[in-house]
Structure formats: C-alpha cells, structure tokens
Amino acid sequence: MARFKHFKLNTRGRDFAVGDIHGHFQRLEQVLQRAGFDSRVDRLFSVGDLVDRGPQSELALDWLAKPWFHAVQGNHEVLTQQYLAGDPQLDVFDYRISGGGWFLDSPPERQRHYAAALGQLPVALEVETRRGLVGLVHANCPFPSWATLRDYLQGKLAPDPAIDEVFQWSRERLKTKNDAGVQGVRAVIVGHTPLRRPRRLGNVWHIDTAGWSEGYFTLVELATMRFVAG
Ligand SMILES: [Mn+2]
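Residues numbered from 1 in each chain as written. Predicted model: local features only at pLDDT ≥ 70, side-chain atom pairs only at ≥ 80, totals over all residues. Heavy atoms only, no water.

With respect to the helices and strands, Ser145 occurs in the loop between β6 (132-137) and α6 (146-153). With relative accessibility at 16%, the residue Ser145 sits in the buried group. Setting aside residues no more than four positions away along its own chain, Ser145 makes contact with Val182 and Gln183. (Helix = DSSP H or I, 4+ residues; strand = E, 2+ residues; numbered from the N terminus. Buried < 20%, exposed > 50% of the residue type's maximum accessible area, 1.4 Å probe, protein only. Contact = heavy atoms within 4.5 Å.)

Here we come to the coordination of the manganese ion. The manganese ion binds to the protein through Asp49 (OD), Asn75 (OD1), His138 (NE2) and His192 (ND1), with metal-donor distances spanning 2.1 to 2.3 Å. Sequence spacing of the donor residues for the manganese ion, all on one chain, is D-x25-N-x62-H-x53-H. Highlighted residues: Asn75 in helix α3 (residues 75-85) and His138 in the loop between β6 and α6, separated in sequence by 63 residues. For Asn75, a relative accessible area of 4% corresponds to the buried category. (Donors = N, O, S within 2.8 Å, 3.2 Å for Na, K, Ca; no water.)

In this section: the UniProt feature "domain: Calcineurin-like phosphoesterase" (unreviewed entry) in the protein. The feature "domain: Calcineurin-like phosphoesterase" (unreviewed entry), as given by UniProt, occupies residues 17-193 in the numbering adopted here. The distance from the first to the last C-alpha atom of residues 17-193 is 16 Å, and the span holds 40% helix and 14% strand. (UniProt positions renumbered as here; feature names shortened; annotations may be inferred.)

This part is about the packing of helix α4 (residues 92-104) against helix α5 (residues 108-118). Two elements in contact, α4 and α5, have axes separated by 10 Å at closest approach and are oriented at 120°. As judged from the angle between their axes, α4 and α5 are oblique. In contact with Trp102, Phe103 and Leu104 of α4, α5 contributes Gln111, Tyr114 and Ala115. Split into classes, the residues belonging to the contact of α4 with α5 amount to five nonpolar, one polar and no charged. (Axes fitted to C-alpha atoms, helices over the stretch in contact; angles between N-to-C directions. Parallel < 35°, antiparallel > 145°, perpendicular 65-115°, else oblique. Nonpolar A, V, L, I, M, F, W, Y, C, P; charged D, E, K, R; others polar.)

A separate point is the sheet that holds strand β4 (residues 69-71). Across a sheet, strands are paired by hydrogen bonds formed along the backbone, either parallel or antiparallel in direction. Taken in spatial order, the five strands of this open sheet run β4-β3-β2-β10-β11, and their pairing is mixed. Lying at the two open borders of the sheet, with one neighbouring strand each, are β4 and β11 (226-229). Strand after strand, the sheet turns through a mean of 25° between neighbouring axes, direction not considered. (Pairing = 2+ DSSP bridges.)

Here α6 crosses helix α7 (residues 161-169) at 115°, and the two axes come no closer than 12 Å. α7 is crossed by α6, and the crossing has left-handed handedness. Contacts between α6 and α7 involve Leu149, Tyr152 and Leu153 from the first element and Ile163, Asp164 and Phe167 from the second. The class makeup of the residues in the contact of α6 with α7 is five nonpolar, no polar and one charged. (Left-handed = near helix turned anticlockwise from the far one by under 90°.)

What follows is the structure in structure tokens.
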C-alpha cells in the first residue's frame, strides 16, 4: 500500500479538489454538475473523510472505483482501521457520536470490506498542474517542506507516531494562524476543520466549508487555484 501518490498532468481536462464529503455524495454530485464537471476528462481529488455523519457513507467505495476520483485518507477512514485492529486508543462511543454508526452496525464481513478499501488510500498525494505541483493531505503537513513529507511517506525517514497523527488529525496550523506555508510545492490543500469560508495560510488552503453539514462544498480548480462554491 503506497502512502504517497503522484498524479501526472491532466492534459485533456480540468482537475478539482474538494473538502470533506462525510457521506454526502448526492450533494457532491450537484456541485460537480454546477461546475460543469466532465468525468470523461476531468479529475476530482478529495482531502479525505469520505465516510461518517452523512447518509451515504457506503457509496465511498463506489466513488473510489471511479477512474476520475481520488482521495487521501482522513481520520474517519483511519477510525475503520483502528476499530478492526481493536486499537485501545479508539473510543467506540465517540466513534458512534462522530457518525460511525453505519460502520459499527454493518456485519463484520462488510466492515472488513470497507476497511480494506479505505486502508489503501494514500496519506498524501500530489498533482502536476501547468503552474506547478499541488499537494493534498487531510489535516496538516507536518513538515516545512513537501520534499520531506514525500521522503517520510516513502519510508526514507524514521517512522514517528506523533508525525503520523499530524497528517490526519492536527488543527495546529489554523489554531496558531501559522502562515509559514510548505516549501517546494505550489499549494497544499487540506480539510478536516470546518470553516465558514475557505482559508489560506501561506500556501496552505483549508477548504472544508462543511458541505456535509450546514455549509457548502468548495471545489478548487487546481490549475488556477480558483474556488467554485457549491
Ligand atoms: Mn477529519
């Protein structure tokens, strides 16, 4: 299982990123339609948290099977792994409160099926655009440079559980309004923290505008870094 994925330039169509989906694929479809998304040539990159909270978490696997849809692993995908591994760190009561009921109430063979697919998602990915590389990670980039993130996820640096946690759980950059950014990449796109509007800190773009809740889905076109609000 590759923890880091690279995507070559899309020479035929447009590339978009979208914030946390949380089981709201029907709403996402409407936003894609409004953006004129053309699945024959366009691609959609998700910052993760495909499942939990919304009514259509089961559809995550169908979406991941689409050749134009790609996602990194969010903390809600990690929860499925922790649950099946019997991780004592996982509070099952909290998991249910966070929308994990669909998973907890699925038969064990379905749980294994979902978890196997969600466990294969990369922790980070990068996409070539005409104006440089754009990176995606669910919550935060733990390093000042994208090259270090790449080395780390490709196993060239010593593993560190504290670093692993940052990718999918950290809200530190937003909390401290850290605008130092990430070197070696044009932009890094993250989700995880619901905001009323997208927020850029340095070259790190936070785009979870709670389309899965009371907000709206934000699409970012990667070549231009323009927002398409849902
Ligand atoms: Mn999250």
